[in-house]
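Listed below are the residues making up each chain.
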Amino acid sequence: MYKSTIFKSTFFRRTYLILLDILIICASFIFSKLITDYSYSFQNLNSEFNLLIIINQLFIILYLITGQYKSLTKYMSSFGAYKILLRNTIGIFILGIVFNKNTNNFFNLNNLIVFGLLINLFSAVLRFFIRDFLIHYINLFEKKIKKRIVIYGAGEAGCLLLKTLRISNNYNVLFFV
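Residues numbered from 1 in each chain as written. Predicted model: local features only at pLDDT ≥ 70, side-chain atom pairs only at ≥ 80, totals over all residues. Heavy atoms only, no water.

Colleague: What should I look at first to understand helix α5 (residues 78–98) in this one?
Modeller: Along an α-helix, residues three or four positions apart point the same way, because every turn accommodates 3.6 residues. With 21 residues, α5 should reach 30 Å at 1.5 Å per residue; the first-to-last C-alpha distance of 30 Å fits that figure. Among the residues of α5, Gly80, Ala81, Ile84, Arg87, Asn88, Gly91, Ile92 and Leu95 are the ones counted as buried. Viewed along the axis of α5, the buried residues span an arc of 140 degrees, placing them on a single side of the element. Relative to its buried face, α5 has exposed residues pointing more than 90 degrees away, namely Phe79, Tyr82, Leu86, Phe93 and Ile97. (Helix = DSSP H or I, 4+ residues; strand = E, 2+ residues; numbered from the N terminus. Expected span 1.5 Å × (residues − 1). Buried < 20%, exposed > 50% of the residue type's maximum accessible area, 1.4 Å probe, protein only. Arc of directions from axis to C-beta.)

Structure below.
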């Protein structure tokens, strides 16, 4: 019941991912300020709160337009990480264009580079963590006996079959022959 209501609902899944992305954007913003500006403190965050809201809106709208929340996190691959990297890079360029050096001191080159690195790192790591959680640990809620099988053939087709069987989580592959 827990799995069917939370993890299969598109609305809850997308809302959860959007909230995680907002958390990633905020953490990347704060950490980039702490890394590049040695005199930065959390009192400065109050004055930059409106800026942080604008950055969150920009990135979430960019993610929605480019389809970041359409794919299934369970089936994310390295190609999905490259797409996230591209989306975030586009967002960084938009930030650099819209907010130049003269309007705000956050958007100098050092801050943009550190912010871009952190948002890409946090986004990719979190997506892969969620994927691995969904594939491997979600079965703690279900009591299912898996069929034990052996794969004949250790070539590309055997590896592809192994990956598919791991994702389906109905079989326990013992070894290759």
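Colleague: Even after reading the chapter, I still don't get the packing of helix α2 (residues 10–36) against helix α4 (residues 49–66), so can you show me in this structure?
Modeller: The description of two packed helices rests on the angle between their axes and on the distance between the axes. Where α2 meets α4, the axes come as close as 10 Å, and the angle between the chain directions of the two elements is 135 degrees. On the basis of the axis angle, α2 is oblique to α4. The handedness of the crossing between α2 and α4 comes out as right-handed. Within the contact between the two elements, α2 uses Ile18, Asp21, Ile22, Ile25, Cys26 and Phe29 and α4 uses Leu51, Leu52, Ile55, Asn56, Phe59, Ile60, Tyr63 and Leu64. Partitioned by chemical class, the residues of the contact of α2 with α4 number 12 nonpolar, one polar and one charged. (Axes fitted to C-alpha atoms, helices over the stretch in contact; angles between N-to-C directions. Parallel < 35°, antiparallel > 145°, perpendicular 65-115°, else oblique. Left-handed = near helix turned anticlockwise from the far one by under 90°. Contact = heavy atoms within 4.5 Å. Nonpolar A, V, L, I, M, F, W, Y, C, P; charged D, E, K, R; others polar.)

Colleague: Any chance you could explain the nonpolar core here in plain terms?
Modeller: Taken as a class, soluble globular proteins show a tendency for nonpolar side chains to be buried jointly. Membership of the largest hydrophobic core comes to 24 residues, with the highest contact counts inside it found for Ile25, Phe29, Ile55, Phe59, Leu95 and Phe115. Elements represented by at least two residues in this core include exactly α2, α4, α5 and α6 (109–137). Ranked by residues supplied to this core, first place goes to α2 with seven residues. Look past the residues within four positions of phenylalanine 59 in its chain and what remains in contact with it is Ile25, Asn88, Gly91, Ile92, Leu95, Phe115 and Ile119. (Core = buried A, V, L, I, M, F, W, Y, C linked by side-chain atoms within 4.5 Å.)

Colleague: Please clarify how the pattern of salt bridges should be interpreted in this entry.
Modeller: When their charged atoms lie close together, side chains carrying opposite charge are able to pair. Enumeration according to the criterion identifies two salt bridges in this entry. As a salt-bridge pair, aspartate 21 and arginine 127 come within 2.9 Å of each other at their nearest N and O atoms. With aspartate 21 in helix α2 and arginine 127 in helix α6, the pair connects residues that are 106 residues apart, well separated along the chain. The pair formed by aspartate 21 and arginine 127 is uniform in burial state, with each residue classed as buried. (Salt bridge = Lys/Arg side-chain N within 4 Å of Asp/Glu carboxyl O.)

Colleague: I tried to follow α2 on my own but got confused; where do I start?
Modeller: Taking 1.5 Å per residue as the helical rise, α2 with its 27 residues ought to reach 39 Å, and the 38 Å between its terminal C-alpha atoms agrees with that figure. Here α2 has its buried residues at Arg13, Leu17, Leu20, Asp21, Ile24, Ile25, Cys26, Ser28, Phe29, Ile30, Ser32 and Lys33.

Colleague: Please explain the environment of glycine 96 as it appears in this structure.
Modeller: Mapped onto the secondary structure, glycine 96 falls in helix α5. Among the residues examined, glycine 96 registers a relative accessible area of 29% and is labelled partly exposed. Counting along the chain gives 13 residues from glycine 96 to leucine 109, while the straight-line C-alpha distance between them is 8.3 Å.

Colleague: It is not clear to me how the packing of aromatic side chains should be interpreted in this structure. Could you clarify?
Modeller: The relation between two aromatic rings is expressed through the spacing of the ring centres and the mutual angle of the planes. Across all of its chains, the model carries three aromatic pairs by this definition. A connected cluster of aromatic rings, assembled from ring pairs, spans Phe59, Tyr63 and Phe115. (Phe/Tyr/Trp six-rings, centres within 6.5 Å; stacked < 30°, edge-to-face > 60°.)

Colleague: Even after reading the chapter, I still don't get the packing of α4 against α5, so can you show me in this structure?
Modeller: At a minimum axis distance of 10 Å, the contact between α4 and α5 shows a crossing angle of 140 degrees. Of the possible angle classes, the one that applies to α4 and α5 is oblique. In terms of crossing hand, the pair formed by α4 and α5 is right-handed. Judged by residue contacts, Ile55, Leu58, Phe59, Leu62, Tyr63 and Thr66 of α4 engage Arg87, Asn88, Ile90, Gly91, Ile92, Ile94 and Leu95 from α5. Partitioning the contact of α4 with α5 into residue classes produces nine nonpolar, three polar and one charged.

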